[in-house]
Amino acid sequence: MAKVTKFPVKAHQRELNRRGKMALNCILTDRWIKVGSPAWAHPDLGVPIELDIMAAHSRSTGRDHKICSLVVTVDQLRALLRQIDGED
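Residues numbered from 1 in each chain as written. Predicted model: local features only at pLDDT ≥ 70, side-chain atom pairs only at ≥ 80, totals over all residues. Heavy atoms only, no water.

**Student:** Account for the environment of glutamate 15, with residues named and values stated.
**Tutor:** By secondary structure assignment, the location of glutamate 15 is in helix α1 (residues 11-19). By relative accessible area, glutamate 15 is classed as partly exposed at 23%. Put simply, glutamate 15 and alanine 56 are 41 residues apart on the chain and 9.5 Å apart in space, counted from C-alpha to C-alpha. (Helix = DSSP H or I, 4+ residues; strand = E, 2+ residues; numbered from the N terminus. Buried < 20%, exposed > 50% of the residue type's maximum accessible area, 1.4 Å probe, protein only.)

**Student:** Can you break down a nonpolar patch on the surface residue by residue, with the values?
**Tutor:** Taken together, the side chains of Leu80, Leu81 and Ile84 make up a nonpolar region of the molecular surface, amounting to roughly 310 Å² of accessible area. The topology assignment puts leucine 81 in helix α2 (residues 74-85). (Patch = residues over 30% accessible without salt bridge, like charges linked within 9 Å, V, L, I, M, F, W, Y side chains within 5 Å. Areas by Shrake-Rupley, 256 points an atom, 1.4 Å probe, with all protein chains shown as cover. Salt bridge = Lys/Arg side-chain N within 4 Å of Asp/Glu carboxyl O.)

**Student:** Report on the pairing of strand β2 (residues 31-35), specifying residues and quantitative values.
**Tutor:** Taken residue by residue, a regular strand's side chains alternate between the two faces of the sheet. Summarising the sheet, strand β1 (residues 23-25) and β2 pair through 3 bridges and their orientation is antiparallel. Bridged to asparagine 25 within β2 is tryptophan 32. Hairpin connection of β1 to β2: 5 residues between the antiparallel strands. Across 5 bridges, the pairing between β2 and strand β3 (residues 48-55) is antiparallel. Among the inter-strand pairings, isoleucine 33 is bridged to a residue of β3, identified as isoleucine 53. (Pairing = 2+ DSSP bridges.)

What follows is the structure, given as structure tokens:
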């Protein structure tokens, strides 16, 4: 049998890998954001996208649990990122 070398993966990276590419982990708590896929465009509002605020590992079910949802537009998110990057 060949010797297998395991790559060290930290716990936060393992959680992010489990949740998928459309997730943002909080660096302080066990909460995270599950980002939905924009599916349609509203002519007046733009492209809405759902953000689910999640809590990791509920004691009663052992699974992640949704706290609440937000629906924002993709344009709002882009404007926020520009503001954070200091481009506005």
